[in-house]
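Per-entry structural report
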Amino acid sequence: MVTDIKLSGDKMIEQIPSLKDKALRINLNEYIYGTFSEIGAGQETVRHFFRAGASSGTIAKAMSAYDKDFSDAIYGIEEDGRYVTESRLRKMLTHESNLMEERLLRDKHPNKLFFTYANTVATIDFAKQYKGHGWVGIKYQVDASEEYNEILLHIRFKETDAKLQQETLGTLGVNLIYGAFYKYNDPKKLLRYLYDHLDKDQLEIDTINFSGPRFADVDNRLMSLQLVKNGMTDAVMFGPDGNNILPAAVLYKKNILALRGSFRPVTKVNMNMYMKSYNMFIEEKKVDIENTLVIFEITLSNLKAEGEIDERDFLDRAELLCSLGQTVMISNFQEYFKVVEYFSDYTKARMGLAMGVNNLVDIFDEKYYRHLSGGILEAFGKLFYRDLKVYLYPMKEEDGTIVNSDNLKVHPRMKELYKFFKFNGKVVDINDFDEKNLEIFSRKVLKMISNNDEGWEDMLPEGISELIKTHNLFGFDPKKQIAEKTN
């Protein structure tokens, strides 16, 4: 008997099933049965199931409603007149799932696991100026007696050929359907498996949401974090309700005010900086208050400040910011100019960055731009060339000196460059501030919470200390507090 040779030091290699194997496994399951509805890039997903064989027991219907009038007649008319939207995808999934239930009676098919796969996509345009994007989703059962589960995601194509984009979409579709049925018990792995037989240079996934009985314990904010952590996208966003939102949808043509921080936890300083900079921002002539979006940004490097990402710590920060009604962005942008570049992909309107003195001094440090061929000048061209202003929150030194844009110290070589931006109104001071707040630091508050010291509650916005205590956030331990009081 011949056995495989194993050498010391060998690593286990996870075998990735081929697309044919994935499709065939689905096809050979006598209970999985559903429809495919693909708009905009051909029937690229369903063809894999047709070619794999034994598809008659899996595919109830495959369709492409390319004509807009036909599409509207089937799925209804969108209020905004667009077709590549989350709303359109949801209507497609709901309509086709309902048809399955209507046409295939449960009495006759008691064990069938119904599914509907759908996508609505715009591939690269003829001029190759717009690479294209799309919404992809599946609504499905893993138990005939259960409600449906849903996985919805938004993609951006990176390839510059329509045929290649179609093939990429087909591969993604097979991965999604296979993962939905056979990897649903580990959503984090399911995310990674979406890139089986794909490269991150082909496709970006910038939004994903899980729902349904099998995903009842899934926090979609954590799934967003995984997208950035895995390099599937550079930035994700979620709203005050904790649900993931498509950056392009909320940033489009908006006036944007962004605040970067650790928010560990969010303090009175953070909220004071936000309120004061916001009041200044909306007074700008080019800013429409009805079209203004405030974003609290946390960088991936900030989340890794103490090594590996602590998911509980991340959720603690997210919960507090959401409770304050804020929109949160998690990004892979260490430099501020990259944040501005990202926003500029979606809006040409005025932008603002609110930051403390230390952050601005770091911006004028050349060491952060050595990887750029144009060095700090290239970075500043990208940062300040746009219609951007920095709203500077002061800092209090140990001797009591208040440091602002007039007396902050940058490297001698950067003095004239700094003066140029200051003179041209790109950097403005937040003068209306509470001096007491300048002595509040997140790391100090965090330490006080951990050590069960008194007085940290007064350093936080109203209602935040109660949330920390109620949900035991940031290591707060009520038992420890009770024990100390008893002693």
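Residues numbered from 1 in each chain as written. Predicted model: local features only at pLDDT ≥ 70, side-chain atom pairs only at ≥ 80, totals over all residues. Heavy atoms only, no water.

Our focus in this paragraph is the packing of helix H7 (residues 220–229) against helix H11 (residues 311–323). Where H7 contacts H11, the two axes come as close as 10 Å, and the packing angle between them is 120°. By the angle between their axes, H7 is oblique relative to H11. Here the hand of the crossing between H7 and H11 comes out right-handed. For the pair formed by H7 and H11, the contact residues are Arg-221, Leu-222, Leu-225 and Gln-226 on the first element and Glu-311, Phe-314, Leu-315, Ala-318, Glu-319 and Cys-322 on the second. (Axes fitted to C-alpha atoms, helices over the stretch in contact; angles between N-to-C directions. Helix = DSSP H or I, 4+ residues; strand = E, 2+ residues; numbered from the N terminus. Parallel < 35°, antiparallel > 145°, perpendicular 65-115°, else oblique. Left-handed = near helix turned anticlockwise from the far one by under 90°. Contact = heavy atoms within 4.5 Å.)

On to the sheet that holds strand S11 (residues 327–331). Strand order in the open sheet formed by eight strands is S8-S7-S11-S10-S9-S12-S13-S16, with mixed pairing between adjacent strands. The open sheet is flanked by strand S8 (244–245) and strand S16 (427–429), the only strands paired with a single partner. Sheet topology note: the strand S7 (residues 235–238)/S8 ladder contains two bridges and is antiparallel. Residue pairing in the sheet places Phe-238 in a bridge with Asn-244 of S8. Most of the contacts of helix H12 (residues 336–344) go to strand S12 (residues 351–356), to which it runs at about 155°, and overall it touches S7, strand S9 (255–260), strand S10 (292–299), S11, S12 and strand S13 (388–393). (Pairing = 2+ DSSP bridges.)

As enumerated under the stated definition, the model contains 25 aromatic pairs in all. Every member of this aromatic cluster is reached through a ring pair, and the members are Phe-337, Phe-364, Tyr-369, Phe-380, Phe-384, Tyr-418, Phe-420 and Phe-421. A cation over an aromatic ring shows up here: Arg-25 above the ring of Tyr-182, its NZ or CZ 3.7 Å from the ring centre. Arg-260 extends its terminal NZ or CZ atom over the ring of Tyr-336, reaching a point 4.5 Å from the ring centre. (Phe/Tyr/Trp six-rings, centres within 6.5 Å; stacked < 30°, edge-to-face > 60°. Lys NZ or Arg CZ within 6 Å of the ring centre and 35° of its normal.)

Glancing now at the packing of H11 against helix H17 (residues 464–471). The contact between H11 and H17 brings their axes to 11 Å, and the two run at 140°. Taken together, the axes of H11 and H17 lie oblique to each other. Both H11 and H17 take part in a crossing whose hand is right-handed. On the side of H11, the interface is formed by Glu-319, Leu-320 and Ser-323, while H17 contributes Ile-464, Leu-467, Ile-468 and His-471. When the residues that make up the contact of H11 with H17 are grouped by side-chain class, the tally is four nonpolar, two polar and one charged. (Nonpolar A, V, L, I, M, F, W, Y, C, P; charged D, E, K, R; others polar.)

Moving on, we get to the sheet that holds strand S5 (residues 149–157). Strands sit in the order S2-S1-S3-S4-S5-S6 across an open sheet of six strands; the sheet is mixed. Each edge of the open sheet is held by one strand with a lone partner, namely strand S2 (59–63) and strand S6 (203–211). Adjacent strand axes in the sheet meet at a mean angle of 10°, parallel and antiparallel pairs treated alike. The sheet contact formed by strand S3 (residues 113–122) and strand S4 (residues 133–140) spans eight bridges and is antiparallel. Residue pairing across strands places Phe-115 opposite Tyr-140, the latter belonging to S4. Along the sheet face, helix H5 (residues 162–182) touches strand S1 (32–39), S3, S4, S5 and S6 and points at about 25° away from the line of S4.

With respect to the helices, strands and loops of the structure, Glu-462 is situated in the loop between helix H16 (442–451) and H17. In this structure Glu-462 comes out as exposed when scored by relative accessible area, which is 80%. For the pair Glu-462 and Thr-267, spaced 195 residues apart in the sequence, the C-alpha separation amounts to 9.7 Å. (Buried < 20%, exposed > 50% of the residue type's maximum accessible area, 1.4 Å probe, protein only.)

A word on the nonpolar core. Ranked by internal contacts, the top residues of the largest apolar core, which has 93 residues, are Ile-151 and Ile-468. When residues in this core are grouped by element, the largest group, seven residues, is from H5. Sequence-distant contacts of Ile-151, defined by excluding residues within four places in its chain, comprise Val-136, Gly-137, Ile-138, Tyr-140, Leu-176, Ala-180, Leu-190, Ile-208, Asn-209, Phe-210 and Phe-215. With 54 residues, the next largest nonpolar core counts Ile-39, Ala-379, Leu-408 and Val-427 among its residues. (Core = buried A, V, L, I, M, F, W, Y, C linked by side-chain atoms within 4.5 Å.)

Turning to helix H14 (residues 375–384), a few remarks are in order. Turning to H14, its buried residues number three or more, namely Gly-375, Ile-376, Ala-379, Phe-380, Leu-383 and Phe-384. Projected onto a plane normal to the axis of H14, the buried residues spread over an arc of 130° and lie on a single side. Contacts made by the buried residues of H14 are with H12, S12, helix H13 (357–363), S13 and helix H15 (415–423). (Arc of directions from axis to C-beta.)

A surface patch of like charges, here positive, comprises Lys-189, Arg-192, Lys-229 and Lys-304. Structurally, Lys-229 is set in helix H7. (Patch = residues over 30% accessible without salt bridge, like charges linked within 9 Å, V, L, I, M, F, W, Y side chains within 5 Å. Areas by Shrake-Rupley, 256 points an atom, 1.4 Å probe, with all protein chains shown as cover. Salt bridge = Lys/Arg side-chain N within 4 Å of Asp/Glu carboxyl O. Lys, Arg positive; Asp, Glu negative; His and termini not counted. Charge placed at Lys NZ, Arg CZ, Asp CG, Glu CD.)

Time to look at unusual backbone geometry. Backbone torsion omega between Arg-264 and Pro-265 reads 0°, so that peptide bond is classified as cis. With respect to the element layout, Pro-265 can be found in the loop between S9 and helix H9 (268–281). The backbone of Ala-54 sits at a positive phi, close to 60°, despite the residue not being glycine. Position of Ala-54 among the secondary structure elements: in the loop between helix H2 (46–52) and S2.

Another aspect to go through is the side chain of Thr-347. With respect to the helices and strands, Thr-347 occurs in the loop between H12 and S12. A polar side-chain atom of Thr-347 sits 2.7 Å from the main-chain carbonyl oxygen of Lys-254. Other than its neighbours up to four places away in sequence, Thr-347 contacts Leu-251, Lys-253, Lys-254 and Ile-256. (Polar contact = N/O pair within 3.5 Å; in protein donor to acceptor, adjacent residues only side chain to side chain.)

Glancing now at H15. Turning to H15, its buried residues are Leu-417, Tyr-418 and Phe-421. Along the axis of H15, the buried residues cluster in a sector spanning 100°; they form a single face. Away from its buried face, by an angle of more than 90 degrees, H15 presents the exposed residues Glu-416 and Phe-423. Where H15 is buried, its residues touch H13, H14 and S16. Count one or two residues on from H15 and you reach Gly-425, which has phi positive near 75°.

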